[in-house]
Amino acid sequence: MNPLRTIIAFPYGAVMALRNALFDWGVLRSTRFGLPIICIGNLSLGGTGKTPHTEYLVRLLHGWGMQVATLSRGYGRKTHGFRKVADCQSAWECGDEPWQMQQSLGQAAQCYVCEDRVQGIQRLLAESANRKARPDVVVLDDAFQHRYVKAGLYILLTDYARMYVDDYVVPAGRLREWRSGARRADIIIVTKCPADLSCEDCTRIAHRLSPDSHQRVCFSHVCYGNLQPFSPEVCAAQPRPTSALALSGIAKAEMFVEEVQRRFEAVKALSFGDHHNFSDKDLAEIHRQAESVDCVVTTAKDAARLAALRQQLSPGLVRKLYVLPIHVEMLHQDALSPSETFHQTIHDYVTTHSGNRCLD
């Protein structure tokens, strides 16, 4: 570990610890709302799979007949303030993840963005009241550190390959706050686990996390779906090329690239930073590299940003461009962390808590 980064990490961590203490002591106030609110987030800077887990939760709630609203910050958008995603014309207005989420969820949820989560909830409740479609539950996406809203149930995600117990506060590591922040969680989900993760491995990992008595530890696995054409004008039949360009602008793109490599004989990777806004130079490089492959495969989040640049994409690139969708599945059916346990915890909260209160 870099000694200088370690030294810098201490004052940053101390500031975050003081901030959390001020909320715990009531000096900084958290706002409560009269409906169930679930917060999904992490301790790290990103790459734990918040979007697919948020979609999993929304579909679960929608399957129980509930009206769901999601609220995100809208990172990377070119607008400010409150926006209803369904009213936006492109990802530039609301952010790539909320845009992609609304496209994926359809009628299962109404998605909104607002930097100020308190104002965002107030606005979405007012907006839904006008339509006489008040949500039964609000899901806060990536808001574990946004403590001005008091959620009733906190879900903390941590990457199997780099769990928070093995990480450090930035810049020494990737944590936004000290590991002790995990104590605010009601459910801890270890994400991106191998599909063959054994029950014994789950037990070992759960012991390493040392959860408090009220916390549940669950495990999830990322599943990739069939390739989908970027443009509806392109035939939906699965492509049969031998070479592909894996194009991504996400955090921790290794799993995505590995999946593309499993599907094609020859794969080149072109990776950018998370939430990357493709410049003219980037698009020129994408077009150049696409000329030497049969197919270009990208993520759903990147496809949201590329859709906003559709006029700058050549017809040839559009014909070659496919999206690789993902979803998550909960692992195992035993007493440690079966999907029923996760589902039951969510169900108990949203049906029992008519107000926004923490679980007892």
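A short tour of the structure in this document, coming up. Everything quoted here is computed from the prediction, not taken from an experiment. (Residues numbered from 1 in each chain as written. Predicted model: local features only at pLDDT ≥ 70, side-chain atom pairs only at ≥ 80, totals over all residues. Heavy atoms only, no water.)

### Here's the deal with the overall build of the protein chain
Looking only at helices and strands, one finds 11 helices and 14 strands in the protein chain. Against the 2.2 N^0.38 benchmark of 21 Å for 360 residues, the protein chain shows a C-alpha radius of gyration of 21 Å, consistent with a compact globule. Counting only C-alpha atoms, the protein chain reaches 60 × 50 × 45 Å along its principal axes. The buried share among the 360 residues of the protein chain stands at 55%. Taking contacts inside the protein chain between residues at least 6 apart in sequence as the whole, the part at least 24 apart equals 79%. (Helix = DSSP H or I, 4+ residues; strand = E, 2+ residues; numbered from the N terminus. Rg over C-alpha atoms; globule rule 2.2 N^0.38 Å. Buried < 20%, exposed > 50% of the residue type's maximum accessible area, 1.4 Å probe, protein only. Contact = heavy atoms within 4.5 Å.)

### Quick word on helix H2 (residues 50-63)
For H2, built from 14 residues, the straight-helix expectation of 20 Å at 1.5 Å per residue is met to within 8% by its first-to-last C-alpha distance of 20 Å. Of all 14 residues that make up H2, 11 are buried, and the element is covered over most of its length. Looking only at H2, the buried set comprises Lys50, Thr51, Pro52, His53, Thr54, Glu55, Tyr56, Leu57, Val58, Leu60 and Leu61. Once H2 ends, the next one or two residues include glycine 65, with phi positive near 85 degrees. (Expected span 1.5 Å × (residues − 1).)

### Brief notes about the sheet that holds strand S4 (residues 110-113)
In space, the 9 strands of this open sheet follow the order S3-S4-S2-S5-S1-S6-S7-S8-S14, with mixed pairing throughout. The open sheet has two edge strands with one neighbour each: strand S3 (83-84) and strand S14 (326-330). Relative to S14, strand S8 (residues 216-224) runs antiparallel, the two sharing 5 bridges. The residue of S14 that forms the bridge with tyrosine 224 is isoleucine 326. (Pairing = 2+ DSSP bridges.)

### Some words on the packing of aromatic side chains
In this structure the tally under the stated criterion is 6 aromatic pairs. Summarising the aromatic geometry, the rings of phenylalanine 23 and tyrosine 148 are spaced 5.0 Å apart at their centres and angled 80 degrees between planes, so their arrangement reads as edge-to-face. Of this pair, phenylalanine 23 sits in helix H1 (residues 3-24) while tyrosine 148 is found in the loop between strand S5 (137-141) and strand S6 (153-159), placing the two residues 125 residues apart along the sequence. With a centroid separation of 5.4 Å and 20 degrees between ring planes, the pair formed by phenylalanine 82 and tyrosine 112 is classed as stacked. Taken as a pair, phenylalanine 82 in the loop between strand S2 (68-72) and S3 and tyrosine 112 in strand S4 lie far apart in primary sequence, 30 residues in all. (Phe/Tyr/Trp six-rings, centres within 6.5 Å; stacked < 30°, edge-to-face > 60°.)

### A short note on the nonpolar core
Core analysis: the biggest nonpolar cluster contains 51 residues, and Ile38, Leu61, Ile155, Phe342 and Ile346 have the highest contact counts within it. Among the elements that line this core, the one with the most residues is H2, at 5 residues. If you look at the next biggest cluster of nonpolar residues, it comprises 43 residues, including Leu140, Phe144, Tyr154 and Cys202. (Core = buried A, V, L, I, M, F, W, Y, C linked by side-chain atoms within 4.5 Å.)

### Brief notes about the pairing of S2
Among the 5 residues of S2, 5 are classified as buried, and the element is accordingly described as predominantly covered. The two faces of S2 match: Val68, Thr70 and Ser72 on one face and Ala69 and Leu71 on the other face are all buried. Sheet topology note: the S2/S4 ladder contains 4 bridges and is parallel. By the bridge assignment, threonine 70 is partnered in S4 with cysteine 111.

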